[in-house]
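Now for the letters of each chain:
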Number of protein chains: 2
Amino acid sequence: MTTDTAATIDLSTWSCPLPLADYPEIVMGHGGGGKLGNELVEHLFLPAFRNAALENLGDAAVFDLASGRLAMSTDSFVVQPLFFPGGSIGALAINGTVNDLAVSGAEPKFLSASFILEEGFPLAQLAAIVQEMSAAAKTAGVQIVTGDTKVVERGHGDGVYINTTGVGLLRAGISVGPALAEPGDAILVSGTIGDHGMAIMSVREGLEFESQIRSDCAALNGLIANVLSAAGGAVHTMRDPTRGGLASTLNEIASASNVGIALDERAIPVRPDVRSACELLGLDPVYVANEGKAAFIVAPECADVVLSVLQAHPLGREAARIGTVTTDHPRMLVARTAMGANRVIAIPVGEQLPRIC
Amino acid sequence: MTTDTAATIDLSTWSCPLPLADYPEIVMGHGGGGKLGNELVEHLFLPAFRNAALENLGDAAVFDLASGRLAMSTDSFVVQPLFFPGGSIGALAINGTVNDLAVSGAEPKFLSASFILEEGFPLAQLAAIVQEMSAAAKTAGVQIVTGDTKVVERGHGDGVYINTTGVGLLRAGISVGPALAEPGDAILVSGTIGDHGMAIMSVREGLEFESQIRSDCAALNGLIANVLSAAGGAVHTMRDPTRGGLASTLNEIASASNVGIALDERAIPVRPDVRSACELLGLDPVYVANEGKAAFIVAPECADVVLSVLQAHPLGREAARIGTVTTDHPRMLVARTAMGANRVIAIPVGEQLPRIC
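Residues numbered from 1 in each chain as written. Chains lettered and ligands numbered in written order. Predicted model: local features only at pLDDT ≥ 70, side-chain atom pairs only at ≥ 80, totals over all residues. Heavy atoms only, no water.

- Going by the annotation in an unreviewed UniProt entry, the name recorded for chain A is Hydrogenase expression/formation protein HypE, with Occallatibacter riparius given as the source organism.

Structure below.
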């Protein structure tokens, strides 16, 4: 079992509330329907996530949601290490699901959180993760309303796996989807790509650069709300390029919309240290995962408006227009390189970087 | 990694659709954002779960739900073995979440499904599990609208872990909860207890009886709908006694409602083979998990009506009235034994039977 801790989180300052302190590590009994499990809920999860729906502690959370179309998204998080520069599995578990709802045009509202804990996992690390989830949920403006905890024996997990599932209310008048990109549309990205994947890989591979590569892990619902307020009708497709990176995301859109996508490779923002790390590991930034970036495909006449709205937001300062949707080479992603050549960016077969999220 | 298969499921008759057949086992690449992951979705998950919301394949599912109060419930399933007499992790993953919504007074509607697969897990087993999920969802009348797949390295999982999260619409005029039991209320259980836990333990321990103990794994939303239609206003509390069994469930209700609960031990239905297996393993059936039973706490004047509605349903034929809510011994569960003595049934500390669900 990995017990990585972040340089930025001092676990020694956290003390377990009694009676959890009697168990410094997760034991199988924490997964049973008894006192130990209840103590985790009462002393750890409830204080961190407190809200009316959760406090009821029924088999399901109950809440009101204005009528309308709902969006629902689920993700399990198995990232290693659990803490990394710029984030943690806890922050990722909240932001990942928030972003999936946001790029679907929904306002994220309520999340569930389910933990699969490995026997022997230090309770102090679980507490630090739960606090990261609590902080991320507050920042994103969502509530964790229901949860579950299971424990598996040593050697059948990896510290902790977290599932979050979220529901949100679809914004009225918004119609976005991977199949709605149209020839002529502009393609924008909200900032530098590859930061998350290379932050994880730098820790795993022990790479050192002049500056530390930090994950871009962030909730994008605020940024996306601004874009939709300014130019909602003009936004045809939004996606967050996580696993498989920008390459997978844009390939999927090209297939779903039966269009070609032409990128200007020089326009794609990449941090110099991320580019160096990619070169060192033989990776292409377009295939590397992001956890706080979104790609927007918008009607060309609104591209400038969307770009300026993005750049006005702290999470979009380095947003850029990177390409165009075309009738040429349908279902293919083609990049014009700095040398002026064209190269096809294929969808990857698997994943270059396992357990990145 | 365990590769148990059920006697009742002939995996040899299932053939992987191409091109999945090229990979008889899960590889790390199935968890990436590329072709291999997409093939799992297109050739395995979509055909099994097909519905309009899922087919959209966006980052989130989108669906309409009539306005009102919503219920949301999440559960991760880590049961071993994956297939057992009367069920599988697949059926359990659907029924468990359906039941949590149903006992909360909601009509289960939409489920997410998220898989954590261990590298090397046979694809044929995954397909069998997915087919069990599909069948269970059809029986329960719910749709699987969104999903996720992650892959972890060998030795960091146990074949497959599944999270399901469900949303449902709360029935109008129904107000149930663990804190709403009232002195004088009757306590009913929908059938024999301990079947699920002892079915699992019999397989694990290699116990043989004259008859095979089968899990009671079933969706209770139909049964519960009948009860609520007949006597909705009189139902104060409903719970499905899973982990920790009837003992945990009733103890939690006694605490939440600040009441005592008096059981007539002779009235609690237990199958003879389950009782024998419990005696052999030194277990008490009241602590053993159920996956197709519900406990109802109802106003005494409606107890007979609820009992007859339960007994008229195929899943409630052996329903029984087993006790009374009392002002005596608040926050305690006390059973009158066959000998006429009283014994306190305490909440368990942990779980006698790990990874039962």
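We are not done yet, so read on.
## Here's the deal with the overall build of chain A
Next up, step 1: For chain A, the helix and strand inventory stands at nine helices and 14 strands.
Next up, step 2: For chain A, the C-alpha radius of gyration of 21 Å lies close to 21 Å, the compact-globule estimate for 357 residues.
Next up, step 3: Dimensions along the principal axes, computed over C-alpha positions, put chain A at roughly 65 × 50 × 35 Å.
Next up, step 4: Across the 357 residues that make up chain A, the buried fraction comes to 64%.
Next up, step 5: Restricting the contact set of chain A to residue pairs at least 6 apart, pairs at least 24 apart contribute 85%.
Next up, step 6: Taken as a whole, chain A presents about 12400 Å² of accessible surface, with 49% of it coming from carbon and sulfur.
Next up, step 7: Across chain A, 22 positive and 38 negative side-chain charges occur, with their mean positions spaced 4 Å apart. (Helix = DSSP H or I, 4+ residues; strand = E, 2+ residues; numbered from the N terminus. Rg over C-alpha atoms; globule rule 2.2 N^0.38 Å. Buried < 20%, exposed > 50% of the residue type's maximum accessible area, 1.4 Å probe, protein only. Contact = heavy atoms within 4.5 Å. Areas by Shrake-Rupley, 256 points an atom, 1.4 Å probe, with all protein chains shown as cover. Lys, Arg positive; Asp, Glu negative; His and termini not counted. Charge placed at Lys NZ, Arg CZ, Asp CG, Glu CD.)

## Here's the deal with the UniProt feature "domain: PurM-like C-terminal" (unreviewed entry) in chain A
Next up, step 1: Look at the UniProt record and you will see "domain: PurM-like C-terminal" (unreviewed entry) annotated at residues 182-328 of chain A.
Next up, step 2: Along residues 182-328 of chain A the backbone is 37% helical and 17% strand, and the end-to-end C-alpha distance reaches 12 Å. (UniProt positions renumbered as here; feature names shortened; annotations may be inferred.)

## Considering the relation of the copies chain A and chain B
Next up, step 1: Overlaying chain A with chain B gives an RMSD of 0.0 Å, the required rotation being 180° about an axis along which the chain moves by 0.0 Å. The transformation relating the two chain copies, once decomposed into turn and shift, fits a two-fold axis. Taking C-alpha positions as the reference, the residue of chain A nearest the rotation axis is A:S67, at 2.1 Å.
Next up, step 2: Take the interface residues of chain A: 100% of them recur as interface residues in chain B, which is what a same-surface contact looks like. (Least-squares fit on C-alpha atoms with pLDDT ≥ 70 in both.)

## Here's the deal with the UniProt feature "domain: PurM-like N-terminal" (unreviewed entry) in chain A
Next up, step 1: Taking the UniProt record as the reference, the feature "domain: PurM-like N-terminal" (unreviewed entry) is found at residues 59-169 of chain A.
Next up, step 2: The distance separating the terminal C-alpha atoms of residues 59-169 of chain A is 23 Å; by composition the span is 30% helix and 47% strand.

## A few points about the sheet that holds strand β5 (residues 106-118) of chain B
Next up, step 1: Overall, mixed pairing links the five strands, which are arranged β1(A)-β2(B)-β7(B)-β5(B)-β6(B) in an open sheet. On the outer flanks of this sheet lie β1 (61-65) of chain A together with β6 (143-152) of chain B, each paired with one strand and no other. Neighbour-to-neighbour, the strand axes of the sheet open up by a mean angle of 20°, direction not taken into account.
Next up, step 2: The sheet contact formed by β5(B) and β6(B) spans nine bridges and is parallel. Within β6(B), the position partnered with B:A113 by the bridge is B:G147. (Pairing = 2+ DSSP bridges. Axes fitted to C-alpha atoms, helices over the stretch in contact; angles between N-to-C directions.)

## A short note on the domain arrangement of chain A
Residues and elements named next belong to chain A.
Next up, step 1: When the domains of chain A are assigned, the result is domain 1 (11-170) and domain 2 (186-344).
Next up, step 2: Each of domain 1 and domain 2 has a C-alpha centre, and these two points are 29 Å apart.
Next up, step 3: Tallying the contact residues gives 18 residues for domain 1 and 21 residues for domain 2.
Next up, step 4: Of the roughly 1600 Å² buried between domain 1 and domain 2, counting both surfaces, carbon and sulfur atoms make up 63%.
Next up, step 5: For domain 1, the biggest contributors to the area lost against domain 2 are P85, N99 and V103; these three give 36% of the whole.
Next up, step 6: Our count for the contact surface shared by domain 1 and domain 2 stands at seven residue pairs in polar contact (both at pLDDT 80 or more).
Next up, step 7: If one sorts the elements of the side of domain 1 that touches domain 2 by residue count, helix α3 (residues 89-103) sits on top with nine residues. (Domains from an automatic or database assignment. Buried area = accessible area lost by both parts, 1.4 Å probe. Polar contact = N/O pair within 3.5 Å; in protein donor to acceptor, adjacent residues only side chain to side chain.)

## Observations regarding the sheet that holds strand β9 (residues 235-239) of chain A
Residues and elements named next belong to chain A.
Next up, step 1: Pairing is mixed in the open sheet, where seven strands are placed in the order β9-β11-β8-β12-β10-β13-β14. Lying at the two open borders of the sheet, with one neighbouring strand each, are β9 and β14 (342-344). Strand-to-strand twist across the sheet, computed as the mean angle between neighbouring axes with direction ignored, equals 25°.
Next up, step 2: As paired strands, β9 and strand β11 (residues 295-298) are joined by four bridges and run antiparallel to one another.

## Focus: the side chain of B:S190
All names here are of chain B.
Next up, step 1: Mapped onto the fold, S190 is located in the loop between β8 (186-189) and α5 (195-205).
Next up, step 2: The exposure class of S190 is buried, given its relative accessible area of 1%.
Next up, step 3: A distance of 2.9 Å separates the side chain of S190 from the backbone nitrogen of A294, its partner in a polar contact.
Next up, step 4: Excluding residues that lie within four positions of it along the chain, S190 makes contacts with L223, G292, K293, A294, F296, L310, L315, G316, E318 and A319.

## Here's the deal with the side chain of A:T164
Residues and elements named next belong to chain A.
Next up, step 1: Here T164 is to be found in strand β7 (residues 160-170).
Next up, step 2: In this structure the side chain of T164 is engaged in a polar contact, spanning 2.7 Å, whose partner is the backbone oxygen of A93.
Next up, step 3: A polar side-chain atom of T164 sits 2.7 Å from a polar atom in the side chain of T97.
Next up, step 4: Beyond its immediate chain neighbours, meaning those up to four positions away, T164 contacts S73, T74, D75, F77, A93, T97, L111, S112, A113 and M133.

## Points about the packing of helix α1 (residues 35-49) of chain A against helix α4 (residues 123-140) of chain A
Residue and element names in this part refer to chain A.
Next up, step 1: Relative to each other, α1 and α4 sit at 30°, their axes nearing to 8 Å. Relative to α4, the element α1 lies roughly parallel. Along its contact with α1, which presents L40, L44, F45, A48 and F49, the element α4 presents L123, L126, A127, V130, M133, S134 and K138.
Next up, step 2: Each residue belonging to the contact of α1 with α4 can be placed in one class, and the counts come to ten nonpolar, one polar and one charged. (Parallel < 35°, antiparallel > 145°, perpendicular 65-115°, else oblique. Nonpolar A, V, L, I, M, F, W, Y, C, P; charged D, E, K, R; others polar.)

## Considering empty space enclosed by the protein
Next up, step 1: Applying the stated criterion to the full structure yields three cavities of 30 Å³ or more.
Next up, step 2: Put simply, the largest cavity is a space of about 80 Å³.
Next up, step 3: In this structure, the largest cavity is lined by 13 residues; those nearest its centre are A:G31, A:V151, B:R243, B:P354 and B:R355.
Next up, step 4: Grouping the amino acids of the lining of the largest cavity by side-chain chemistry returns seven nonpolar, two polar and four charged.
Next up, step 5: If you add up the space inside the second largest cavity, you get close to 50 Å³.
Next up, step 6: As for the second largest cavity, its lining consists of A:L65, A:A66, A:S67, A:G68, A:L70, B:L65, B:A66, B:S67, B:G68 and B:L70.
Next up, step 7: Listed by contribution, the elements that provide at least two residues to the lining of the second largest cavity are β2 (68-77) of chain A together with β2 (68-77) of chain B. (1 Å grid on protein atoms, 1.4 Å probe; cavity = no way out; pocket = protein on both sides within 12 Å on 5 of 7 lines; lining within 4 Å. Points joined across faces, edges and corners; volume = space filled by probe spheres on them.)

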